[in-house]
Amino acid sequence: MKIAIGCDHGGINLKNKIRQHLLSKNIEVQDCGAFNDASVDYPEYCIKVSKAVVSKECELGILCCGTGIGMSIAANKFKGIRAAVVGDTFSAKATREHNNTNILCLGERVIGEGLALDIVDAWINAEFLGGRHSNRLAMIDNIERGEV
Ligand code: RB5
């Protein structure tokens, strides 16, 4: 599995911790930056990670900013991206199983590193359940295509 990661200045410490964590589990990482804590615009890094996921270069993406919210708003503008801000392990698992999210957004200013890494593990290890959830995602695809 290859995971694209990205952040702005508000999420750089967490993004770097997640990179180390994924590498320690022998998961391939594509680090899309940022690479220092200078103030930057989060959509720029969201675009890099979202494109890596949409193009299937990477299976999943993880975006960190101060709250995770700006990253999730921007990522969900991409056709084919299902991004969620998550702050607990139950939702992390559920958002793969039910929503088949392909981008996880985390807020470095909101949650601690230990919880964030548990969320990453719960999210990566869960699998989409399909069935009725596929029907619901198809309905969301219809919204995306303007067919409602
Ligand atoms: C940057 O100050 C902050 O706005 C950003 O990291 C993020 O929280 C936006 O949603």
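Okay, so let's go over this structure. Bear in mind that the values here come from a model prediction, so they are computed numbers and not experimental data.

## Here we look at helix H1 (residues 12-24)
Then, number 1: Counted at 1.5 Å a residue, the expected span for H1 with its 13 residues is 18 Å, and the 18 Å between its end C-alpha atoms agrees.
Then, number 2: Looking at H1, one finds that the buried residues are Ile12, Leu14, Lys15, Ile18, His21 and Leu22.
Then, number 3: Where H1 is buried, its residues meet strand S1 (2-7), strand S2 (28-31), strand S3 (60-65), strand S5 (103-107) and helix H5 (113-125).
Then, number 4: Positive backbone phi, approximately 60°, marks asparagine 26, located one or two places after H1.

## Overview of the packing of helix H4 (residues 89-97) against H5
Then, number 1: Contact pair H4 / H5: the axes reach a minimum separation of 8 Å and the direction vectors enclose 25°. By the angle between their axes, H4 is roughly parallel relative to H5. Helix-helix and strand crossings are classified by hand; for H4 and H5 the assignment is right-handed. Contact with H4, carried on its side by Thr89, Ala92, Lys93, Thr95 and Arg96, involves Leu115, Asp118, Ile119, Ala122, Trp123 and Ile124 of H5 and no other residues of that element.
Then, number 2: Here the contact of H4 with H5 is composed, by residue class, of 6 nonpolar, 2 polar and 3 charged.

## Regarding the site of the ligand
Then, number 1: Close contacts around the ligand come from Asp8, His9, Tyr42, Cys65, Gly66, Thr67, Gly70 and Arg109, and that covers them all.
Then, number 2: Here an oxygen atom of the ligand sits 2.6 Å away from a polar atom, N or O, in the side chain of aspartate 8.
Then, number 3: Taking glycine 70, its main chain carries an N or O atom lying 2.9 Å from an oxygen atom of the ligand.
Then, number 4: Within the complex, 72% of the 300 Å² of free accessible area of the ligand lies under protein.

What counts and what doesn't
- Residues numbered from 1 in each chain as written.
- Predicted model: local features only at pLDDT ≥ 70, side-chain atom pairs only at ≥ 80, totals over all residues.
- Heavy atoms only, no water.
- Helix = DSSP H or I, 4+ residues; strand = E, 2+ residues; numbered from the N terminus.
- Expected span 1.5 Å × (residues − 1).
- Buried < 20%, exposed > 50% of the residue type's maximum accessible area, 1.4 Å probe, protein only.
- Contact = heavy atoms within 4.5 Å.
- Axes fitted to C-alpha atoms, helices over the stretch in contact; angles between N-to-C directions.
- Parallel < 35°, antiparallel > 145°, perpendicular 65-115°, else oblique.
- Left-handed = near helix turned anticlockwise from the far one by under 90°.
- Nonpolar A, V, L, I, M, F, W, Y, C, P; charged D, E, K, R; others polar.
- Near = heavy atom within 4 Å.
- Polar contact = N/O pair within 3.5 Å; in protein donor to acceptor, adjacent residues only side chain to side chain.
- Areas by Shrake-Rupley, 256 points an atom, 1.4 Å probe, with all protein chains shown as cover.

Coordinates in, geometry out; function isn't part of it.
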